[in-house]
Amino acid sequence: MPSLTIDRMRPADLDEVMAIERASFSMPWSRSAFLYEMERNRAARCYVVREEGRVVGYLCLWEVADELHITNIAVHPEVRRRGIGRLLLGTVLDEARRRGLRLVGLEVRPSNAGALRLYESFGFRVVGRRRGYYYDTGEDALVMQAELGSEEDRQRAAGGNRR
């Protein structure tokens, strides 16, 4: 299996990031939105996963106080189901735990079964619903959260879920 590396996203990565973004979402972020997150938003950090130098996935987040909010995560359609999203999310959550952060949250479409399975495997649970959140379809967003305690805490949190 080719080697994967995780780095901070750079403006030079945006052509590859934008190709993944457009292939992944019906409401893609703009190039300027990614630039803003990288260059102007002090609460934001964006990461890319590279395989043999090629960007194959990315994740953006906000860190506010002792919480993370995942704002965007995607993997190139050609390399999905190989654990790249799991590696990226797991790396970010492990680092947050090491730094003593306590909570991570995100929004996801109820129809995105693959993403739901990934998040649930990391102990995320549904804590709310934002009605009509996705304006392209009017679909609701599920609000999911996970406690960033120990691995044991995470397993316990994964026990119950409601959609």
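Because the structure is a prediction, the values reported are computed rather than measured. Position numbers for residues start from 1 in each chain and track the written sequence from start to end. At least 70 in pLDDT is required for a residue's local features to be given in this predicted model, at least 80 for side-chain atom pairs to be given and counted, and no such filter applies to totals for whole chains, interfaces and linings, which use all residues. Side-chain numbers come from the whole structure's heavy atoms, not from hydrogens or water.

**Q** Looking at this model, I keep getting lost on the state of the cysteines. Mind explaining?
**A** By definition, a disulfide is the covalent link that joins the sulfur atoms of two cysteine residues. The criterion for a disulfide is a pair of cysteine sulfur atoms lying within 2.5 Å. Here the structure, examined in full by the defined rule, presents 1 disulfide. There is a disulfide in this structure between C46 and C60, and the S-S distance comes to 2.5 Å. Because the sign of the S-S torsion sets the handedness, a value of about 115° for the bond joining C46 and C60 places this disulfide among the right-handed ones. You can see C46 sitting in strand β2 (residues 44-51) and its partner C60 sitting in strand β3 (residues 54-64), a full 14 residues away along the chain. The buried label applies to any residue whose accessible area, calculated with a 1.4 Å probe on protein chains only, is under 20% of its type's maximum; exposed applies above 50%, and partly exposed to all values in between. For C60, a relative accessible area of 0% translates into the label buried. Helix and strand assignments come from DSSP, with helices taken as H or I runs of at least 4 residues and strands as E runs of at least 2, each series counted from the N terminus.

**Q** Please clarify how the pairing of strand β5 (residues 103-108) should be interpreted in this entry.
**A** Consecutive residues of a regular strand have side chains that alternate between opposite faces of the sheet. Burial runs high along β5: 6 of the 6 residues are buried. Neither face of β5 is left uncovered, since the one carrying L103, G105 and E107 and the one carrying V104, L106 and V108 both have all their residues buried. Bridging between strand β4 (residues 67-75) and β5 involves 3 bridges; their strand directions are parallel. Bridging from a neighbouring strand, L68 pairs with V104 of β5. For the handedness criterion, the β-α-β arrangement of β4, helix α3 (residues 84-98) and β5 is classed as right-handed. Here β5 pairs with strand β7 (residues 139-147) via 6 bridges, running antiparallel. Note that in β7 the partner of G105 across the bridge is Q145. If DSSP finds at least two bridges between two strands, the strands pair. Handedness rule for crossovers: strands pointing away from the viewer, path from the first strand over the helix to the second running clockwise, crossover right-handed.

**Q** What should I look at first to understand the packing of aromatic side chains in this one?
**A** Within a pair of aromatic rings, the relevant descriptors are the distance that separates the centres and the angle that separates the planes. Aromatic rings from Phe, Tyr and Trp, taking only the six-membered ring of Trp, are treated as a pair when their centres fall within 6.5 Å; an angle between ring planes under 30 degrees marks them as stacked, one over 60 as edge-to-face, and anything in between as tilted. Scanning the model with the defined rule gives 4 aromatic pairs in all. Taking the centre distance of 4.9 Å and the plane angle of 50° together, the rings of W29 and F34 count as tilted. Classification of F34 by relative accessible area gives buried; the value is 0%. Note on Y119 and F124: the rings are 5.6 Å apart at their centroids and 55° apart in plane angle, and the pair reads as tilted. We classify Y119 as buried; its relative accessible area is 6%. For F124, a relative accessible area of 2% translates into the label buried. Aromatic rings pair up to connect W29, F34 and Y58 into one cluster.

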